[in-house]
Amino acid sequence: MAFYPLQIAGLVLGFLGMVGTLATTLLPQWRVSAFVGSNIIVFERIWEGLWMNCVRQARVRLQCKFYGSMLALPPVLETARALMCVAVALSLIALLIGICGMKQIQCTGSNKRAKVYLLGTSGALFILTGIFILIPVCWTANIIIRDFYNPAVHVGQKRELGVALFLGWASVAVLFIGGGLLCGFWCCNRKKQKFRGPAPRHSVPHPDKPRNTTMLSKTSYI
């Protein structure tokens, strides 16, 4: 199977993107407290994530608390939760499909065409996973920036972009590159099979037809 390094690089990047997706989903640093005033002494740090919020005060260890009620959450947070969970599931499915399409794995036997289609499907799912991550991350970042520059919002309620958002953007880039490599591997193999001529048919030798001996005898007699 040609273009073997493409599938290796694509699956490695897909695995890294899956790990980044899971970390982005679990980390509480989606929204962090903003230090707008001129006071350099900070007594409290606030982190807000999809599943919990954390508070770290001066000389006190970090304290985190899961959100008590799902129905009391804002719609933005509920949508972000759902999309990130779908993204984690899609990345895991894409990785398993890509592993089944590897040359050394005998899930599909020796059918090279099926392996190529599995790798192409894996790449498309990785790209779809990146889109599912991009929506909640960009949506949350837009809300944070809008509220930060809104003078009607109190200074204590302003937030800044957290580490989880930047990790989400990095995961999207890795997933797009990995999925693009796998889709490119599928396209290259498809073109190679298209331009390759049909297999030559093995001709079966036909027995020679018996000559018409009667006509030869007549002509020789004349």
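First, a word on what this report is: a plain description of the structure on this page.

1. What to know about the overall build of the protein
Step number 1: Along the backbone of the protein there are five helices and five strands.
Step number 2: Listing the helices and strands of the protein from first to last along the sequence gives α-β-β-β-β-α-α-β-α-α.
Step number 3: Taken across its 222 residues, the protein has 31% of its residues classed as buried.
Step number 4: In the protein, the share of contacts with a sequence separation of at least 24, taken over all contacts with a separation of at least 6, comes to 67%.
Step number 5: Accessible surface for the protein amounts to roughly 14,500 Å². Of this, 67% is attributable to carbon and sulfur atoms.

2. Here's the deal with helix H1 (residues 4–26)
Step number 1: Taking 1.5 Å per residue as the helical rise, H1 with its 23 residues ought to reach 33 Å, and the 34 Å between its terminal C-alpha atoms agrees with that figure.
Step number 2: Residues of H1 that are buried: Gln7, Gly10, Leu11, Gly14, Gly17, Met18, Gly20, Thr21, Thr24 and Thr25.

3. Digging into the sheet that holds strand S5 (residues 159–161)
Step number 1: With antiparallel pairing, the five strands of this open sheet are ordered in space as S4-S3-S2-S1-S5. Looking at which strands have only one partner, the edges of the open sheet turn out to be strand S4 (63–66) and S5. Ignoring strand direction, the axes of neighbouring strands in this sheet form an average angle of 25°.
Step number 2: Against the sheet, helix H3 (residues 112–148) engages strand S1 (31–33) and S5, with an angle of about 135° to S5.

4. Section: the environment of valine 55
Step number 1: Within the secondary structure, valine 55 sits in strand S3 (residues 52–57).
Step number 2: A relative accessible area of 28% places valine 55 in the partly exposed class.
Step number 3: Each C-alpha atom, one on valine 55 and one on glutamate 44, is 6.9 Å from the other, the two residues being eleven residues apart in sequence.
Step number 4: In contact with valine 55, not counting residues within four places along its chain, are Glu44, Arg45, Arg61, Leu62 and Gln63.

5. Description of the packing of aromatic side chains
Step number 1: Scanning the entire structure with this criterion turns up two aromatic pairs.
Step number 2: Centroid distance phenylalanine 148 to tyrosine 149: 5.3 Å. Interplanar angle 80°. Geometry classified as edge-to-face.
Step number 3: The exposure class of phenylalanine 148 is partly exposed, given its relative accessible area of 26%.
Step number 4: Between phenylalanine 166 and tryptophan 169, the ring centres sit 5.6 Å apart and the planes meet at 75°, which makes this aromatic pair edge-to-face. One end of the pair is phenylalanine 166 and the other is tryptophan 169, both in helix H4 (residues 163–195) and three residues apart, which spans about a single turn.
Step number 5: A residue is classified by how much of its surface remains accessible, and tryptophan 169, at 29% relative accessible area, is partly exposed.

Conventions we followed
- Residues numbered from 1 in each chain as written.
- Predicted model: local features only at pLDDT ≥ 70, side-chain atom pairs only at ≥ 80, totals over all residues.
- Heavy atoms only, no water.
- Helix = DSSP H or I, 4+ residues; strand = E, 2+ residues; numbered from the N terminus.
- Buried < 20%, exposed > 50% of the residue type's maximum accessible area, 1.4 Å probe, protein only.
- Contact = heavy atoms within 4.5 Å.
- Areas by Shrake-Rupley, 256 points an atom, 1.4 Å probe, with all protein chains shown as cover.
- Expected span 1.5 Å × (residues − 1).
- Pairing = 2+ DSSP bridges.
- Axes fitted to C-alpha atoms, helices over the stretch in contact; angles between N-to-C directions.
- Phe/Tyr/Trp six-rings, centres within 6.5 Å; stacked < 30°, edge-to-face > 60°.

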